[in-house]
Amino acid sequence: MRSKIIAGNWKMNKTAAETARLIGEIRSALEGVSGVERVVCPPYTSLAAAAEALKGSSIVLGAQNVHWEATGAFTGEISVDMLREAGVRFVLVGHSERRRYFGETDETVNRRVRAALTGKLHAIVCVGETLKEREADTTRDVIERQVRAAVDGLAAPDWERMVLAYEPVWAIGTGRTATAAQAQDVHAFIRSLLKDVAGVEIAERVRIQYGGSMKPENAAELLAQPDIDGGLIGGAALQADSFAAIAKAGL
Ligand code: PGA
């Protein structure tokens, strides 16, 4: 059985002081809740404050990106060791906003994924089609290309730390969610790709989150689908009560 995993992608929101406050609120809202893995991914400058605020909590710290090189002349980037030192265990890779606004490609996604996993971080790798691609009936082609490229060259033990997130671009931050059936259809397709790439055993173990306007009102139905193993939450992760409600919906 795959355990559910709910992650908050805070994007470019929350200063260090605001982070400490929000984590305090999330901790109280989720007090006594177990059985669903919870991750928060604040911006880099808030990681230290987040690590401090998470002391003694089972909520895990994540970051929003990582570079594939260990050190060097890569202005604006951050390394695996820097993240690990800050207490980070999870990292998002290939979010559609990185692909769309910052030139992230299937190839750079793969390099980041491999560096993260080799460096013993857990990776949450995002894939998803645009509205144009869905309307042109190319969703499966796009997902297949993105998934195969992202996981290219992974060694069997790396898969233990691999999470995928299906995030239709047209559902991100738009309030428009994929229906449970639409999401389940793509999740099952992703799992079939994983079977082909890594074998049945690994494919059955890897968790696939849904992301794109997941909120307390739609979380339970999405999370009840057989191949939806959690959520990657943007907007609704910035309020302790909605993040907690989504996490509880995954129980
Ligand atoms: P949203 O963002 O929940 O605000 O749609 C999800 C994401 O971008 O990961």
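Refer to the structure presented above.
Bear in mind the structure is a predicted one, so any value in this text is a computation, not a measurement.

## Quick word on the pairing of strand S6 (residues 162-166)
- The buried fraction of S6 amounts to five of the five residues, a majority that puts the element mostly inside the structure.
- Side chains of S6 alternate between two faces, with Met162, Leu164 and Tyr166 and Val163 and Ala165 buried alike.
- Here strand S5 (residues 122-127) runs beside S6; their pairing, made up of five bridges, is parallel. Across the sheet, residue Cys126 finds its bridge partner in S6, namely Ala165.
- Summarising the sheet, S6 and strand S7 (residues 207-211) pair through four bridges and their orientation is parallel. Across the sheet, residue Val163 finds its bridge partner in S7, namely Arg207.

## Observations concerning the sheet that holds strand S3 (residues 60-63)
- Here eight strands make up a closed barrel; going around it, the order is S1-S2-S3-S4-S5-S6-S7-S8 and the pairing parallel. Taken over all neighbouring pairs, the strand axes of this sheet differ in orientation by 25° on average, direction set aside.
- Pairing of S7 with strand S8 (residues 230-233), which is carried by two bridges, proceeds in the parallel orientation. In the sheet register, Gly211 faces S8, and the bridge partner there is Leu232.
- Where helix H11 (residues 240-249) meets the sheet, its contacts fall on strand S1 (4-9), strand S2 (36-41) and S8, and the angle it forms with S1 comes to roughly 160°.

## A short note on the packing of helix H7 (residues 139-150) against helix H8 (residues 180-198)
- H8 packs onto H7 with a crossing angle of 40° between their chain directions and a minimal axis gap of 10 Å. In terms of axis orientation, H7 runs oblique to H8. With respect to the hand of their crossing, H7 and H8 are arranged in right-handed fashion. Residues Thr139, Arg140, Ile143, Glu144, Val147 and Arg148 of H7 touch H8, and the partners they reach there are Asp185, Val186, Phe189, Ile190, Leu193, Leu194, Asp196 and Val197.
- Classifying every residue of the contact of H7 with H8 by side-chain character gives eight nonpolar, one polar and five charged.

## Comments concerning helix H5 (residues 106-118)
- The first and last C-alpha atoms of H5 sit 18 Å apart over 13 residues, in line with the 18 Å expected at 1.5 Å per residue.
- Residues of H5 that are buried make contact with helix H3 (80-85), strand S4 (90-93), helix H4 (96-101), S5, H7 and S6.

## Looking at the site of the ligand
- Near the ligand, the surroundings consist of 13 residues, among which Lys11, His95, Glu167, Gly173 and Ser213 are the closest.
- Within the backbone of Gly234, a nitrogen or oxygen atom sits 2.9 Å from an oxygen atom of the ligand.
- At 2.8 Å from an oxygen atom of the ligand is found a main-chain nitrogen or oxygen belonging to Gly235.
- In the complex, 95% of the free accessible area of the ligand, which totals 280 Å², lies under the protein chains.
- The residue inventory of the shell around the ligand, partitioned by class, reads four nonpolar, seven polar and two charged.

## Quick notes on the packing of H5 against H7
- Where H5 contacts H7, the two axes come as close as 8 Å, and the packing angle between them is 35°. Helix-helix and strand crossings are classified by hand; for H5 and H7 the assignment is right-handed. Residue-level contacts link Asp106, Val109, Asn110 and Val113 of H5 to Arg145, Gln146, Ala149 and Ala150 of H7.
- Residues of the contact of H5 with H7, tallied by class, amount to four nonpolar, two polar and two charged.

Cut-offs and rules
- Residues numbered from 1 in each chain as written.
- Predicted model: local features only at pLDDT ≥ 70, side-chain atom pairs only at ≥ 80, totals over all residues.
- Heavy atoms only, no water.
- Buried < 20%, exposed > 50% of the residue type's maximum accessible area, 1.4 Å probe, protein only.
- Helix = DSSP H or I, 4+ residues; strand = E, 2+ residues; numbered from the N terminus.
- Pairing = 2+ DSSP bridges.
- Axes fitted to C-alpha atoms, helices over the stretch in contact; angles between N-to-C directions.
- Contact = heavy atoms within 4.5 Å.
- Parallel < 35°, antiparallel > 145°, perpendicular 65-115°, else oblique.
- Left-handed = near helix turned anticlockwise from the far one by under 90°.
- Nonpolar A, V, L, I, M, F, W, Y, C, P; charged D, E, K, R; others polar.
- Expected span 1.5 Å × (residues − 1).
- Near = heavy atom within 4 Å.
- Polar contact = N/O pair within 3.5 Å; in protein donor to acceptor, adjacent residues only side chain to side chain.
- Areas by Shrake-Rupley, 256 points an atom, 1.4 Å probe, with all protein chains shown as cover.

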